[in-house]
Amino acid sequence: MDISKQLAERIKGEVDTSDATRELYSHDASLFELVPEVVVFPKDAADVKAIVEFVSANKKRYPHLSVTARSRGTDMSGAAINDSIIMDTSKYMTRVWNVSGTSARTEPGVMYRDFEAETLKAGAYMPSYPASRDLAGMGGIVHKNSGGAKSLRFG
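Bear in mind the structure is a predicted one, so any value in this text is a computation, not a measurement. (Residues numbered from 1 in each chain as written. Predicted model: local features only at pLDDT ≥ 70, side-chain atom pairs only at ≥ 80, totals over all residues. Heavy atoms only, no water.)

Caption draft 1: Examining the nonpolar core more closely. Counting 12 residues, the largest nonpolar core is built from I3, L7, I11, V38, V40, A50, I51, F54, V55, L65, I85 and M87. Per-element tally for this core: the top contributor is helix α3 (residues 45–58), with four residues. With six residues, the next largest nonpolar core counts Y112, F115, A136 and M138 among its residues. (Core = buried A, V, L, I, M, F, W, Y, C linked by side-chain atoms within 4.5 Å. Buried < 20%, exposed > 50% of the residue type's maximum accessible area, 1.4 Å probe, protein only. Helix = DSSP H or I, 4+ residues; strand = E, 2+ residues; numbered from the N terminus.)

Caption draft 2: The pattern of salt bridges, seen in detail. One pass over the structure, following the stated rule, counts seven salt bridges. Among the ionic pairs, K49 bridges to E53, the shortest N-O distance being 4.0 Å. With K49 and E53 both in helix α3 and four residues apart, this pair spans about one turn of that helix. Given the relative accessible area of 44%, E53 is considered partly exposed. Between R95 and E107 there is a salt bridge, with the nearest N and O atoms lying 3.1 Å from each other. With R95 in the loop between β4 (85–88) and β5 (96–99) and E107 in the loop between β6 (104–106) and α4 (112–121), the pair connects residues that are 12 residues apart, well separated along the chain. Among the residues examined, E107 registers a relative accessible area of 6% and is labelled buried. Three or more residues joined by partner-sharing salt bridges are found here, namely K12, D44 and D47. (Salt bridge = Lys/Arg side-chain N within 4 Å of Asp/Glu carboxyl O.)

Caption draft 3: Layout of the packing of aromatic side chains. Per the counting criterion, the structure on display carries one aromatic pair. Ring centres of Y25 and F41 lie 6.0 Å apart, and the angle between their planes is 75 degrees; this geometry places the pair in the edge-to-face category. With Y25 in the loop between α2 (19–24) and β2 (38–41) and F41 in strand β2, the pair connects residues that are 16 residues apart, well separated along the chain. One cation-aromatic arrangement involves K43 over Y92; the distance from NZ or CZ to the ring centre is 4.9 Å. Taking NZ or CZ as reference, K91 lies 5.2 Å from the ring centre of F41, over its face. (Phe/Tyr/Trp six-rings, centres within 6.5 Å; stacked < 30°, edge-to-face > 60°. Lys NZ or Arg CZ within 6 Å of the ring centre and 35° of its normal.)

Treat this as a map of the structure, not an account of what it does.
Here is the structure:
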């Protein structure tokens, strides 16, 4: 099965199978290494849905098929790598939709430092404060339930 061709037909974003890209995405901040078959860059939630539906529809026939969402790749547990499909949200899915004093809505590729600037403008603060806060993406922070240096103070 040509995963890249089938994905390219389903999404507006980009599909990349170059050796250089696959090598780049074979690592996160952990010691682990897995070279993916393909890296996709979804443009929006519809693309994410199409990628997940593709994996779901083909999983029985191709059991190795899986998708791993990745925002910035700063995770130290290997959660941002796999040997099938890497879905990188950091290229296009980088909008902060809204922030108020009690809630916020953002896309997963937004960097924490940019999100924090918006929360501070709204008089709010998100207590997650990972060590990689200047590089970390909101998708990874939410996915990994990141705490950090201020988690004991704020919970």
